[in-house]
Every structure is written in C-alpha cells, then in structure tokens.
Amino acid sequence: MMQNLRQYDTITSERKMTARANAVFLLRGRPFHRKKRTFCPKGVRMQREHFASRLGFILVSAGCAVGIGNVWKFPYLAGQYGGAAFILIYLVFLVILGLPIMVCEFSVGRSSQKSVARSFDKLEPAGTRWHNLKFIGLVGNYMLMMFYTMVGGWMLYYCYLSATNRFAGMDNDAVAGEFSRMLGQPGTLTFWTVLVILLSFGICAIGLQKGVERLTKLMMITLLLLMGVLAVHSCTLPGADAGLHFYLVPDFGRMVEQGIGNVVFAAMSQAFFTLSLGIGAMAIFGSYLDKKRSIPGEAVSICALDTLVALIAGFIIIPACFAYNVEPGAGPSLIFITLPNIFIHMAGGRIWGTLFFLFLSFAALSTVIAVFENITSFAMDLTGCSRQKAVAVNIVAMIILSMPCVLGFNVLSGLQPLGEGSTIMDLEDFLVSNNFLPLGSLVYLFFCVRKNGWGWDNFIEEANAGDGMKFPVAIRIHMMYILPIIVVVIYLKGYYDMFAGKSPVLFGVWMCIALAILAYIGVNAFARPKKN
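All values derive from a computational prediction rather than experimental measurement. Starting afresh in each chain, residues are numbered from 1 along the sequence in its written order. Two thresholds apply to this predicted model, a pLDDT of at least 70 for residue-level local features and 80 or more for giving and counting side-chain atom pairs, whereas whole-chain, interface and lining totals are computed over all residues. Side-chain figures throughout are based on the complete set of non-hydrogen atoms in the structure, without hydrogens or water.

As for the overall build of the chain
Helix and strand assignments follow DSSP, with helices taken as H or I runs no shorter than four residues and strands as E runs no shorter than two, numbered in order from the N terminus. Summing up its helical and strand segments, the chain has 22 helices and 0 strands in all. Rg of the C-alpha trace for the chain: 26 Å, near the compact-globule value of 24 Å for 532 residues, within the 12% margin. Expressed as lengths along the three principal axes of its C-alpha atoms, the size of the chain is roughly 100 × 55 × 50 Å. Relative accessible area decides the class of each residue, using a 1.4 Å probe on protein chains only: under 20% of the type maximum gives buried, over 50% gives exposed, and in between gives partly exposed. Per-residue burial over the chain gives 52% buried out of 532 residues. We call two residues in contact whenever any of their non-hydrogen atoms come within 4.5 Å of each other. Sequence separation of 24 or more characterises 81% of the internal contacts of the chain that already satisfy a separation of 6 or more. Note on areas: these come from Shrake-Rupley sampling with a 1.4 Å probe, and a residue is covered only by the protein chains present in the view. Taken as a whole, the chain presents about 23,400 Å² of accessible surface, with 65% of it coming from carbon and sulfur. Positive and negative side-chain charges in the chain, numbering 42 and 28 respectively, have mean positions lying 18 Å apart. Here the globule rule reads 2.2 Å times residues to the power 0.38, and the radius of gyration is calculated from C-alpha atoms. Within this scheme the basic residues Lys and Arg register as positive and the acidic residues Asp and Glu register as negative, but His and the chain ends are omitted. Charge placement uses NZ in Lys and CZ in Arg. For Asp and Glu, CG and CD serve respectively.

Considering the packing of helix 5 (residues 84-112) against helix 20 (residues 456-463)
Only C-alpha atoms enter the line fits that serve as axes; for helices the fit covers just the stretch in contact. Angles between N-to-C directions range over 0 to 180 degrees. The interhelical angle for the contact between helix 5 and helix 20, taken along N-to-C directions, is 85°, at an axis separation of 9 Å. Judged by the angle between their axes, helix 5 and helix 20 are roughly perpendicular. Contact residues: Val-103, Cys-104, Ser-107, Arg-110 and Ser-111 in helix 5; Phe-459, Glu-462 and Ala-463 in helix 20. For the contact of helix 5 with helix 20, the per-class residue count stands at 4 nonpolar, 2 polar and 2 charged. Roughly parallel means an angle under 35 degrees; roughly antiparallel means over 145; roughly perpendicular covers 65 to 115; every other angle is labelled oblique. Polarity classes work like this: nonpolar for Ala, Val, Leu, Ile, Met, Phe, Trp, Tyr, Cys and Pro, charged for Asp, Glu, Lys and Arg, and polar for all others, with Gly in that last group.

Notes on the packing of aromatic side chains
Two rings from Phe, Tyr or Trp (for Trp, the six-membered ring) form a pair when their centres are within 6.5 Å of each other. A pair whose planes differ by under 30 degrees is stacked, one over 60 is edge-to-face, and the rest are tilted. For the structure on display, the rule yields 43 aromatic pairs. A centroid spacing of 5.5 Å and a plane angle of 45° characterise the contact between Phe-120 and Tyr-444, whose relative ring orientation is tilted. With Phe-120 in helix 6 (residues 119-123) and Tyr-444 in helix 19 (residues 424-449), the pair connects residues that are 324 residues apart, well separated along the chain. Overall, Phe-120 belongs to the buried group, its relative accessible area being 1%. A relative accessible area of 1% means that Tyr-444 is categorised as buried. Two conditions define a charge sitting above a ring: the NZ of Lys or the CZ of Arg must be within 6 Å of the ring centre, and it must be within 35 degrees of the ring normal. Positioned over the ring face of Phe-265 is Lys-493, at 4.6 Å from the centre of the ring.

Notes on a nonpolar patch on the surface
Together, Leu-88, Val-92, Val-95 and Ile-96 line one region of the surface with nonpolar side chains, adding up to about 340 Å² of accessible area. Residue placement: Val-95 occurs in helix 5. Patches here: salt-bridge-free residues with over 30% relative accessible area, like charges joined within 9 Å, nonpolar side chains (Val, Leu, Ile, Met, Phe, Trp, Tyr) joined within 5 Å. For this document, the term salt bridge refers to a Lys or Arg side-chain nitrogen within 4 Å of an Asp or Glu carboxyl oxygen.

A short note on the nonpolar core
Counting residues in each nonpolar core, the largest one holds 175 residues, and the members touching the most others are Phe-86, Trp-154, Phe-285, Ile-335, Phe-356, Phe-359 and Phe-459. Examining the composition of this core, we find that 17 residues originate from one element, helix 7 (residues 135-163), more than from any other. We call a set of buried Ala, Val, Leu, Ile, Met, Phe, Trp, Tyr and Cys residues a nonpolar core when their side-chain atoms join them within 4.5 Å.

Here we look at the pattern of salt bridges
Across all of its chains, the model carries 12 salt bridges by this definition. Of the charged contacts in the structure, one is a salt bridge between Arg-48 and Asp-381, with a shortest N-O distance of 3.2 Å. Residue Arg-48 is found in the loop between helix 1 (2-27) and helix 2 (54-65), and its partner Asp-381 is found in helix 17 (residues 349-383); the two are separated by 333 residues along the sequence. We classify Asp-381 as buried; its relative accessible area is 15%. Between Arg-54 and Glu-298 there is a salt bridge; the shortest N-O distance is 3.0 Å. Here the residue Arg-54 occupies a position in helix 2, and Glu-298 occupies one in helix 15 (residues 295-323), the gap between them amounting to 244 residues. You can call Glu-298 buried: its relative accessible area is 2%. The network of salt bridges with shared partners includes Glu-49, Glu-373 and Arg-387.

Regarding helix 8 (residues 172-183)
What a helix should span is 1.5 Å times the count of its residues minus one. The terminal C-alpha atoms of helix 8 lie 17 Å apart, and with 12 residues this matches the ideal 16 Å at 1.5 Å per residue to within 8%. Turning to helix 8, its buried residues are Val-175, Glu-178, Phe-179, Met-182 and Leu-183. All buried residues of helix 8 lie within an arc of 135° about the axis, which places them on one face of the element. Those residues of helix 8 hidden inside the fold are in contact with helix 7, helix 9 (186-206) and helix 16 (332-345). Here, the arc refers to the directions that run from the helix axis to the C-beta atoms.

What about unusual backbone geometry?
Even without being a glycine, Asn-165 presents a positive backbone phi close to 60°. The backbone of Asn-325 shows a phi angle near 55°, a positive value even though the residue is not glycine. Assignment of secondary structure puts Asn-325 in the loop between helix 15 and helix 16. Its relative accessible area of 73% is what places Asn-325 among the exposed residues.

Considering the side chain of Ser-361
Along the chain, the position of Ser-361 falls in helix 17. A relative accessible area of 2% places Ser-361 in the buried class. In this structure the side chain of Ser-361 is engaged in a polar contact, spanning 3.4 Å, whose partner is the backbone oxygen of Met-155. Any pair of N or O atoms that falls within 3.5 Å is considered a polar contact. Within protein, one atom must be able to donate a hydrogen and the other to accept it, and sequence-neighbouring residues count only if both atoms are side-chain atoms.

A look at the confidence of the model for the chain
Of the residues in the chain, 91% reach a pLDDT of 70 or more, and the chain-wide mean stands at 88. Below a pLDDT of 50 lies the segment residues 1-45, which in the model reaches 9 contacts outside its immediate sequence neighbourhood of four places, other chains included. pLDDT runs from 0 to 100 and stands for how confident the predictor is about each residue.

Thoughts on the packing of helix 15 against helix 16
Running from N to C, helix 15 and helix 16 point in directions that differ by 55°, and their axes come no closer than 10 Å. Classified by the interaxial angle, the pair formed by helix 15 and helix 16 is oblique. Between helix 15 and helix 16 the crossing geometry is left-handed. Of helix 16, the residues touching helix 15 (which contributes Ile-317, Ala-320 and Cys-321) are Leu-334, Thr-338, Leu-339 and Ile-342. Classifying every residue of the contact of helix 15 with helix 16 gives 6 nonpolar, 1 polar and no charged. Two helices cross in a left-handed way if the nearer one is turned anticlockwise from the farther one by less than a right angle. They cross in a right-handed way if the turn is clockwise.

Written as structure tokens, this is what we have:
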C-alpha cells in the first residue's frame with residue numbers, strides 16, 4: 001500500500017513539473033518537448049565517400065603499406081640472409097600470411113562501410129563482445145603516428161640538408177655528428193614533425209578524392225619514377241656488380257651460417273610487418289571501395305607493389321654500398337649516416353642525395369596521410385562531425401601526442417623505458433610492432449572465421465563479390481588454425497627478443513603480461529553471444 005502511494009506521489013510530481021514547464025514554454029510561443037540530438041540536417045543522410053578510380057585505391061593502400069621499413073630493413077635482411085633464397089621465402093610468407101589477413105581487413109571495411117571505430121559494432125552478432133577489441137585499432141593508429149610523424153620529419157629535414165649541400169666536405173664523423181646534433185635539438189625536431197602533421201592532415205581536410213586519392217597517386221607515381229632513376233644509377237656504378245651478386249644470387253651457405261630457423265623467422269616477420277596489418281589501416285580503404293571488383297585481386301596488386309618498392313630499394317642501396325666499400329647496415333644509421341657519406345663521394349652527390357631523401361619523404365608521407373585518413377574517419381564515425389572539424393581537433397591532438405617522442409632524444413633522454421640505451425620512441429615502436437599489429441591481426445582473423453563473429457560465409461561472400469580473382473574456400477582450415485598460431489608465435493617471439501637479455505624476474509613479468517593480453521583477446525573473441 002505504501003509503495004503504491006509513493007509511486008502515485010512520484011507520478012503526480014512529474015506531471016506537475018511537466019505542466020509548469022509547458023505553461024512557461026507556451027507563454028513564449030514554443031511547446032515544451034525534449035529535442036533529439038542530431039549530427040546532420042534533418043532529411044540529409046551522410047553518404048560514405050568512395051574512391052574515384054581503382055588505381056587510386058591500389059596506390060593509396062600501397063602507400064600505407066610502403067614505408068621506411070621497406071628501405072632501411074628489407075635490403076639488409078635480403079643480403080644478410082641469403083639473397084634470392086631469402087626473397088623466395090619472404091614471398092611465400094607474404095602469400096600465406098600477409099595476403100589472407102589483408103583480405104580480412106578489406107572485407108570487414110567494405111561490408112561495414114565504417115572505420116575500425118564502428119566496423120565491429122556494425123557486423124558483430126548481437127550479444128557478442130567484438131566491439132571491446134576495437135581499441136587495438138583506435139590506440140594503435142595514434143601510437144604509430146606518435147613516432148612516425150617525427151621520422152617523416154627526419155626525411156624532410158635531410159632532403160633539405162642535401163638540397164642545400166650541407167654535407168659537402170664532411171668526413172664520416174661529421175656526418176654522424178650531424179644526425180646526433182639533429183636529435184639533440186628539440187626545436188628542429190618539433191618544427192619538422194609539426195610540418196609533416198600539417199601537410200598530411202591538410203591533404204586529408206581537402207577530402208578523399210580531391211585530397212587523399214589525388215595527391216597520394218601523384219606522390220606514389222613520382223616515388224616509383226625516382227626509385228627507378230636511383231636504382232639505374234646505383235647499378236651502373238663501378239664495383240656495383242659485387243653488390244648485385246650479394247643481393248640477388250641465392251647463397252644457401254649464408255643461410256646455414258645464419259641459421260635456417262633465424263632466416264625463416266626473419267622472412268616471416270618481415271612479410272607480416274611490411275603491410276601494416278591489424279590496426280584497421282587497410283580496413284578504412286576497404287570502406288571506401290565499391291563492389292565492382294573482388295577483394296583478393298586488389299590485395300594481390302597491393303602486395304606486389306609493396307614488394308616491388310622493397311626490391312628496388314635494395315637495388316638503390318646495396319650496389320652503392322659495395323661500390324664505395326661500405327658495409328650495408330640497417331635502420332637509421334644506414335639512412336642518415338652511411339648513405340650521406342656515400343653521396344658525398346659520388347659524382348653529382350648533391351643531386352642524388354636530394355632525390356633519395358625526396359623519395360624517402362614521399363614514402364613516409366604516403367603512410368602518414370593514409371593513417372591520418374583513418375584517424376579522421378574515427379572522429380567522423382564516432383561523433384558524426386564534419387571532416388574539417390575532425391582534422392582540426394586531431395591536428396592539435398597529434399602535435400601534443402608526438403612531443404614525448406621528440407623530447408625523448410634530448411630533454412627526456414634520461415627516461416629509458418625499456419632499459420639502458422632505450423628511448424621513448426623504442427617503447428612506442430615496441431607497442432605498435434610487437435603488440436597492436438599482431439594482436440589486431442589475430443582479432444581480424446578470428447572475427448572473419450568464427451561462428452560467433454562475422455563468420456566464414458559472410459566473409460567469403462564479401463571478399464569474392466565483384467569481378468576478378470576469388471578467395472579460395474579450401475584454405476578455411478589454414479585461416480582458422482594455422483594462421484592464428486603463426487601470429488601468436490610472432491607476438492610472443494617479439495616479447496622474448498625484447499626481454500630475454502634482461503633479469504629473469506623482469507623477463508618473467510613481461511611474458512606474463514604478454515600472456516594476459518592474449519587471454520583478454522581470447523575471452524572477448526571466444527565468448528558466446530548473450531541472450532537478451
């Protein structure tokens with residue numbers, strides 16, 4: 001009885017409040033009602049943008065995959081691990097590992113017509129938890145750009161130094177000192193990093209077709225032309241034939257010397273990481289794709305273009321190193337110390353050095369623009385805001401987020417998060433390369449093949465829609481069991497390589513963290529749908 005009286009009092013009170021509110025608003029000539037929040041004008045439906053051409057889709061997607069790793073890592077690995085023998089193993093893993101995951105990403109993007117911020121929400125069965133895993137793509141894209149924008153700034157800065165002939169007359173130590181001097185100047189690093197951010201987001205602000213597609217097509221075509229000119233020049237240098245022999249001729253003795261297992265794992269890892277899979281960087285371009293062409297054929301074209309860039313980079317670097325009796329290395333030291341030293345002693349070195357760093361600048365910018373387009377789409381999908389507003393907000397956010405990496409080489413150099421000699425950039429690179437990429441790839445695989453996910457039938461139907469190459473149904477077992485095991489091995493091996501040399505306690509703690517993260521993925525991916 002008392003409970004009924006309380007309910008009656010509550011209802012009566014609410015009616016009185018509504019009546020008073022209506023009276024006030026009616027006096028003003030406007031009835032009282034609660035407005036619904038809308039993000040676009042009434043009667044207007046936001047349409048998904050699409051690429052203007054097939055070539056645009058292929059070049060923009062390849063621009064995302066083509067990055068600095070194609071230049072400062074692949075040629076060295078190929079030469080170190082047996083030349084053409086390593087390249088053959090790499091190509092095998094590219095087909096059986098990288099290509100299927102790329103098709104998964106593109107298929108999820110095209111079917112959902114959303115970025116990773118909303119694609120799982122739209123395609124997942126009711127009551128499942130796949131949307132809990134979208135943070136891998138959301139955080140992964142931002143984390144990647146927190147250091148990659150700075151690396152892109154390095155390329156632009158060295159292009160400027162080469163064009164102004166700043167390396168003229170320097171010896172080896174002076175060239176190495178120039179790189180150290182750059183890292184020690186926060187103002188220089190900040191300027192070039194911010195320039196990369198403004199240029200790339202500015203292109204995204206123009207729009208998909210007129211900005212991202214048109215300008216990335218121009219950059220990629222120019223990049224390929226520059227690489228062709230540089231490769232021909234390097235291969236015709238006196239003594240370059242020894243470098244070509246080192247790079248291309250199969251040397252199984254060198255493979256045995258390095259260890260067959262090490263060679264296979266290096267090829268497998270490079271084939272996996274070269275395509276930037278797992279964080280939705282490819283899925284976003286799938287969401288802009290129509291259904292005229294099937295996805296597997298487009299993925300093959302993108303993989304082929306990415307591999308071509310990596311191979312040509314080897315023709316640029318390895319012969320030039322042998323022609324000047326310089327040991328070819330890998331990483332930043334190869335790009336910013338070894339090669340400038342070669343250009344100093346090369347006839348017309350100022351021109352060749354400028355062209356080389358211009359090519360690297362285009363390679364870096366094409367990746368940054370592609371990922372920034374993904375980040376822009378996050379904001380548009382999550383909030384419904386305009387492209388220009390999403391760009392404006394993310395410019396500020398990206399500048400702020402890039403600062404720890406910039407300052408990690410100077411002001412914050414005392415902060416060594418992964419042990420002595422490490423930097424903030426090393427930590428961010430480790431989180432992206434050894435966590436977000438493999439874990440995100442694992443999620444896309446499970447989502448496309450598991451019954452409690454999007455499911456194999458939906459995946460195959462979407463992947464094979466349109467003209468062109470079809471995805472083979474026969475490899476379902478390979479994708480359900482073998483590929484996930486390979487990705488997990490790559491993930492755990494990354495932790496092992498990073499922390500095996502540390503103390504046993506520290507190694508054990510980090511391995512437990514790695515397993516705990518895997519368990520979280522499993523709990524969400526294998527959970528049965530909840531009944532309403």
